[in-house]
Amino acid sequence: MKVLLQWRVWVILIALIISGLVIDVLWTNSQNNDKMNAKFPEVSGENLQGRAFVFPRDFQSDRVLVLFAYEREQADTLSSWVKGLELLDSHIEWYETPIISKPLQLGSWFIDGGMRKGIQEVRVQERVITIYTNREKFASAVGVPFEMQGAYAMVLRRDGSVVGYAEGAFTSNGAKRISQWLMGSD
């Protein structure tokens, strides 16, 4: 009787472990499918020189690098990618896009003016396109978690579909992945 009870306990434990593994595999696959379906939403904005853009419609290259964050405090994090990848001296199509809450668009003249004063170099001003939108919906569309402190370097195809992204500041490993994605190695 005691052996039979121990055997049943082992069978139940094994069944629980197997069902947990199956659930984990299904969850991982659904998360990967969500990321594979991620797409940069159609959004419009102006660069700090006043030129209007509509993304992804205005992308010119097959692969585009978009650096984006939600808070002013992440500007240095995004700049680390510009410096680390030497984007100002490259032929890569890239943009830095502060993603700002839609209601603040009423004060865009003030916000963009402050950024323009803080960014002296015209070549950078031409690449900074402010996007006013629902930040949570934006994050969901591109397949990243919405975190106010989040900063991302994301490679997109011309149609806006997400190839991949690195989170946070520039790293050599992140740069390798970004470079591979930009060259077409998915």
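It should be noted that the structure appears before, not after, this text.
Cut-offs and rules
Residues numbered from 1 in each chain as written. Predicted model: local features only at pLDDT ≥ 70, side-chain atom pairs only at ≥ 80, totals over all residues. Heavy atoms only, no water. Helix = DSSP H or I, 4+ residues; strand = E, 2+ residues; numbered from the N terminus. Buried < 20%, exposed > 50% of the residue type's maximum accessible area, 1.4 Å probe, protein only. Contact = heavy atoms within 4.5 Å. Core = buried A, V, L, I, M, F, W, Y, C linked by side-chain atoms within 4.5 Å. Pairing = 2+ DSSP bridges. Axes fitted to C-alpha atoms, helices over the stretch in contact; angles between N-to-C directions. Arc of directions from axis to C-beta.

Participant: Help me get a handle on the side chain of Gln74, residues and values and all.
Facilitator: Relative to the helices and strands, Gln74 resides in the loop between strand S3 (63-69) and helix H2 (75-84). The buried category is assigned to Gln74, whose relative accessible area is 7%. Look past the residues within four positions of Gln74 in its chain and what remains in contact with it is Ala69, Met148, Gln149, Gly150 and Ala151.

Participant: Could you give an account of the nonpolar core, naming the residues involved and the relevant values?
Facilitator: By size, the foremost hydrophobic cluster in this structure holds 22 residues, and its most contacted members are Phe40, Phe55, Phe68, Tyr70, Val142 and Val144. Among residues more than four places away in sequence, those in contact with Val144 are Phe68, Tyr70, Ala139, Tyr152, Met154 and Tyr165. The next biggest cluster of nonpolar side chains, apart from the first, holds 18 residues, and it includes Ala153, Val155, Val163 and Ile178.

Participant: Could you give me a rundown of the environment of Leu87, with the residues and numbers involved?
Facilitator: Relative to the elements of secondary structure, Leu87 occurs in the loop between H2 and strand S4 (94-101). Residues within four places of Leu87 in sequence aside, it is in contact with Leu65, Leu67, Trp81, Val82, Ile92 and Trp94.

Participant: I'd like a description of the sheet that holds S4, backed by residues and values.
Facilitator: Adjacent strands of a sheet form backbone hydrogen bonds with each other and so pair up, either parallel or antiparallel. Strand order in this open sheet of seven strands is S2-S1-S5-S4-S3-S6-S7, and the pairing throughout is mixed. Of all the strands in the sheet, just strand S2 (52-55) and strand S7 (162-167) have a single pairing partner and so form its edges. Put simply, the sheet's adjacent strands are angled 30° from each other on average, direction ignored. As paired strands, S3 and S4 are joined by five bridges and run parallel to one another. Following the sheet pairing, Val66 is matched in S4 by Tyr95. Strands S3, S4, strand S6 (151-157) and S7 of the sheet are contacted by H2, whose axis makes an angle of about 155° with S3. Running over the sheet, helix H3 (residues 108-118) touches S4 and strand S5 (129-133) and is turned about 150° from S5.

Participant: Summarise the environment of Met115; cite the residues concerned and give the values.
Facilitator: Within the secondary structure, Met115 sits in helix H3. Note: C-alpha distance between Met115 and Thr130 (15 residues apart in sequence) is 9.6 Å. Excluding residues within four positions of it along the chain, Met115 makes contact with Leu48, Pro98 and Thr130.

Participant: Which residues make up helix H6 (residues 172-182), and what values go with them?
Facilitator: Taken as a whole, H6 has its buried residues at Gly174, Ala175, Ile178, Trp181 and Leu182. Taken down its axis, H6 places every buried residue within 130° of arc, on the same side. Facing away from the buried side of H6 by more than 90 degrees, the exposed set consists of Ser172, Asn173 and Lys176. Of the surrounding secondary structure, the elements contacted by the buried residues of H6 are S3, H2, S6 and S7. Immediately beyond the C-terminal end of H6, within one or two residues, lies Gly184, with a positive phi of roughly 100°.

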